[in-house]
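Working through the structure, step by step
Spelled out, the chains give:
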Amino acid sequence: SMVIDAAGQITAGQQFGLFQMSGGGAREALWTFTNDFQLLLRSIATDSDGHYWLVGNRDKVYHVSLEGTFSVYDLPFSPRAIYVEGDRALISGELEDGTRKVWSFPITAEKTLGDPTEIYNTTLALGSDAFVSAITVAPDGAVMLGTNQGDPIVAIEPSGSASVLYPGILGQPDGFGP
């Protein structure tokens, strides 16, 4: 996973650390890393202050300050994707019982996570094999979820209603998908 800031700097997660590269593409040194060398990063997001938020193969969210210091927050589920918008982190994941959902966590001024609110039950809406691997927010405030389903994009409107975006049009080619 990677993010690109306004200056064109690329920050990419690979296993347990973050690498930063200039817009020219030359790989620079490892910027920062955790002491968990079994961590495999899955998704990276940045907030409006330039801080990084990461999820991987642990039941945790990692916050990385501008100085490169990691803070770790335990989650009650295994996360798959993260997106930060304003003062909230949207995180998809799987509970111990196999139920997959998307939650919204408030982010405090101190860069800690508040109590989550469930915004989408992926398993209930799409089935037991469905998962969300990408999250973004449209200009109108709709939360867009990228899934592994034949109709891969789900839009959650600010009102809370959810629908598949372009059903039957964005489906996966034969031989791909779940």
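Notes on the structure follow. (Residues numbered from 1 in each chain as written. Predicted model: local features only at pLDDT ≥ 70, side-chain atom pairs only at ≥ 80, totals over all residues. Heavy atoms only, no water.)

**A short note on the environment of F77**
- Along the chain, F77 falls in the loop between strand 8 (70-74) and strand 9 (78-85).
- As a C-alpha pair, F77 and S92 span 15 residues in sequence and 9.0 Å in three-dimensional space.
- When residues no more than four places from it in sequence are discounted, the contact partners of F77 are D59, I91, S92, G93, E94, L95, W103 and F105. (Helix = DSSP H or I, 4+ residues; strand = E, 2+ residues; numbered from the N terminus. Contact = heavy atoms within 4.5 Å.)

**Considering the sheet that holds strand 9**
- The sheet built from 4 strands is open, its strands ordered 9-10-11-12 with antiparallel pairing. Each edge of the sheet is formed by a strand with only one pairing partner; in this case those strands are strand 9 and strand 12 (117-121). Within this sheet the neighbouring strands show an average axis-to-axis angle of 25°, counted without direction.
- In the sheet, strand 11 (residues 100-106) pairs with strand 12 via 4 bridges, with the strands oriented antiparallel. Bridging across to strand 12, K101 finds its partner in N121. (Pairing = 2+ DSSP bridges. Axes fitted to C-alpha atoms, helices over the stretch in contact; angles between N-to-C directions.)

**Overview of the pairing of strand 14 (residues 143-147)**
- By the criterion of burial, strand 14 is predominantly enclosed, with 5 of the 5 residues buried.
- In terms of strand pairing, strand 13 (residues 132-137) meets strand 14 through 5 bridges, oriented antiparallel. Its bridge partner lying in strand 14, A134 is registered against G146.
- Taking the residues that link successive antiparallel strands as the turn, the strand 13-strand 14 hairpin has 5 residues, and the phi of G141 there is positive, at about 95°. (Buried < 20%, exposed > 50% of the residue type's maximum accessible area, 1.4 Å probe, protein only.)

**Here we look at the nonpolar core**
- Counting residues in each nonpolar core, the largest one holds 15 residues, and the members touching the most others are W53, V61, I82, A89, I91, F105 and L113.
- Sorting the residues of this core by element identifies strand 6 (52-56), strand 9, strand 10 (88-94) and strand 11 as the ones contributing at least two each.
- Beyond its immediate stretch of four places on either side in the chain, I82 contacts S43, I44, A45, W53, V55, V61, A89, L90, I91 and I135.
- Ranked by size, the runner-up nonpolar core spans 11 residues in total, among them V102, V143, V154 and I156. (Core = buried A, V, L, I, M, F, W, Y, C linked by side-chain atoms within 4.5 Å.)

**With respect to the packing of aromatic side chains**
- Tallied over the full model, the rule gives 4 aromatic pairs.
- For the ring pair F77 and W103, a centre distance of 3.8 Å and an interplane angle of 15° mean the geometry is stacked. With F77 in the loop between strand 8 and strand 9 and W103 in strand 11, the pair connects residues that are 26 residues apart, well separated along the chain. Just as F77 is buried, W103 falls in that class too.
- Within the aromatic cluster, the residues linked to one another by ring pairs are F77, W103 and F105.
- In this structure, R80 is placed above the aromatic ring of F131, and the distance from its NZ or CZ to the ring centre is 3.9 Å. (Phe/Tyr/Trp six-rings, centres within 6.5 Å; stacked < 30°, edge-to-face > 60°. Lys NZ or Arg CZ within 6 Å of the ring centre and 35° of its normal.)

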